[in-house]
Amino acid sequence: MVSWGRGLLKRVLAKVSIGGGLRGSSAEGLSVRGFAETANMAKAPTVKLANGAEMPVIGLGTWKSPRGKTGDAVRAAIKAGYRMIDTANDYGNEDEVGDAIKDMIDEGIVKREDLFIQCKLWNTNHRKDHVKPDLMATLKDLKLDYVDSFAVHWPQACPSTGEKPALGADGIDPKPRDQPTMFPLEADGMYACDYDCHFMEAYHAIEDLVDEGLVRGAAISNFNARQVHEVLENFKKHPPVVLQNECHPYFQQKDIVDVCNNNGIVFQSYSPLGSGDRPWARKPGEVELLDDPRLQEIATAKGKSVAQVVLRWHMDRGITAVPKSITPARIATNIDVFDFTLSPEEMKLFDKLNQARRFLMWDPTSLHPDYPFRDDLPFGYKTAQPLKVAARASK
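Residues numbered from 1 in each chain as written. Predicted model: local features only at pLDDT ≥ 70, side-chain atom pairs only at ≥ 80, totals over all residues. Heavy atoms only, no water.

## Focus: the side chain of Thr 320
Selection rule: For helices the rule is a DSSP run of H or I covering at least 4 residues; for strands it is a run of E covering at least 2, with both sets numbered from the N terminus onward. Only protein chains enter the accessibility calculation, which uses a 1.4 Å probe. A residue is then buried if its area is under 20% of the maximum for its type, exposed if over 50%, and partly exposed in between. A 3.5 Å cut-off defines polar contacts: any pair of N or O atoms within that distance qualifies, except that in protein one atom must be a possible hydrogen donor and the other a possible acceptor, and neighbouring residues in sequence count only when both atoms are side-chain atoms. Contact definition: two residues touch when any of their heavy atoms are within 4.5 Å.
Note on placement: Thr 320 falls in strand 16 (residues 320-321). Exposure remark for Thr 320: the relative accessible area of 1% places this residue in the buried category. Within the local environment of Thr 320, its side chain forms a polar contact with the backbone oxygen of Phe 267, the two atoms lying 3.0 Å apart. Among all residues touching Thr 320, those that are not within four sequence positions of it are Val 47, Met 55, Val 57, Val 266, Phe 267, Gln 268, Ser 269, His 314 and Met 315.

## A look at the sheet that holds strand 10 (residues 149-152)
The pairing of strands in a sheet happens through backbone hydrogen bonds and is either parallel or antiparallel. Defined as follows: By this definition, two strands are paired if DSSP reports at least two bridges between them.
Within the open sheet, the 8 strands sit side by side as 7-8-9-10-13-14-15-16. Their pairing is parallel. Looking at strand neighbours, the two that pair on one side only are strand 7 (60-61) and strand 16, the edges of this open sheet. Alignment of strand 14 (residues 242-246) against strand 15 (residues 266-270), held across 5 bridges, turns out to be parallel. Paired with Gln 244 across the strands is Gln 268, a residue of strand 15.

## Notes on the pairing of strand 13 (residues 218-221)
Short version of the rule: By convention a crossover is right-handed if, when the strands point away from the viewer, the path from the first strand over the helix to the second runs clockwise.
The alternating pattern of strand 13 places Ala 218 and Ile 220 on one face and Ala 219 and Ser 221 on the opposite face, and all of these are buried. Taken together, the 3 bridges between strand 10 and strand 13 define a ladder with parallel strand orientation. Note on strand 13: the bridge partner recorded for Val 152 is Ile 220. Assessed by its sense of winding, the connection that carries the chain from strand 13 through helix 5 (residues 225-234) to strand 14 is right-handed.

## Quick look at unusual backbone geometry
Of note, the amide linkage connecting Cys 158 to Pro 159 takes the cis form, showing an omega dihedral of 5°. Within the element layout of this structure, Pro 159 appears in the loop between strand 10 and strand 11 (175-176). The backbone of Ser 271 sits at a positive phi, close to 50°, despite the residue not being glycine. The topology assignment puts Ser 271 in the loop between strand 15 and helix 7 (293-302). With a relative accessible area of 12%, Ser 271 lands in the buried category.

## Describing the pairing of strand 15
Looking along a regular strand, one sees the side chains alternate between the two faces of the sheet. Counting buried residues in strand 15 gives 5 out of 5 residues, a clear majority hidden from the surface. Residues Val 266, Gln 268 and Tyr 270 of strand 15 are buried on one face, and the alternating residues Phe 267 and Ser 269, pointing to the opposite face, are buried as well. Between the parallel pair strand 14 and strand 15, the chain is carried across by helix 6 (residues 254-261), and the sense of this crossover is right-handed. Relative to strand 16, strand 15 is paired through 2 bridges, and the arrangement is parallel. By the bridge assignment for strand 16, Ser 269 is matched with Ala 321.

## Observations concerning helix 10 (residues 344-351)
Applicable threshold: As used here, the arc belongs to the directions running from the helix axis to the C-beta atoms.
Taken as a whole, helix 10 has its buried residues at Glu 346, Met 347 and Phe 350. Buried positions in helix 10, seen along its axis, are confined to an arc of 100° and lie on one side of it. Exposed residues lying more than 90 degrees from the buried face of helix 10 are Pro 344, Glu 345 and Lys 348.

## Some remarks on the environment of Lys 140
Along the chain, the position of Lys 140 falls in helix 3 (residues 128-142). The spacing of Lys 140 and Asp 95 is 45 residues in sequence and 8.2 Å in space, taken between C-alpha atoms.

Below, the structure written as structure tokens:
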């Protein structure tokens, strides 16, 4: 049993079986489909990963969180009851995440063992000899001795020179490969690629870090179903515990969620609210997810925000999520989704929202053979120079 804050409300944490699918304790009145109706929960329930670790079902995402505001967002999240923080060295704010975690531990608000911290291996560092330096730089920024989950951020070793690790101190702005950067470019303006490095080399090196105790669980991110199976067929000792991919009502990822559920992998959604602040062009007349009138109708009926309804949909599907926000009020409401459920009729309405629309393509890296989203590229697409893509997105 665990205390859930106000009123010392007690309940058993929701678990996930290795065969997939969230389950609860009927003795505690938990929903088999999702989580029990409870009020004013101080923190999220957890799922049990394949390695036996407990991971909160909702965490704070930090992708696109600006420097100068990320640390305060993490502090607000931990004070609001978040115990899972998702970060990456290419986000350019990992040191602020570490400062905030240290502050919360020093102030006695949490202990290290209360937190689940997930970081990611950047594409420049897929070579075996570069994986540990990548992690050690992250641990230094986070001011931690270990992380709970270390994910291969993307399957393609691209951009990468394969010559030396590129770390956060080298910067995150695309530059020619003879200059320090995590995003090296060739002379033609295209991302540099390491065609001779496969993502299993990186994954096997992460497995070694699990054995060293620097990492608790190996994970993957932005992998397609074929690549997930490739990892499952070729890991040495530690299977992936988490797959983090884009997922939201417009892009429901039903097939790959099934792959995860059937193979003991917990699916984790990034951009679960549709990434309304995404830095690339939108289609004319495109309706943002949180402005969808069908979702607004459900939210009004529930007395909740659209964001809360969307996050609850993730929970009722049996998947986890890492919504990003730097606004304390939104951070607090994003985790306040455990006092209601969606009806079967409302869940069916969500089925009608699916458009199989991927927002994050990172198509300038599509020249690499391990690029995961080739099936989503339009007919006749030709790989574009990243700086030109960025210039178009800023207009």
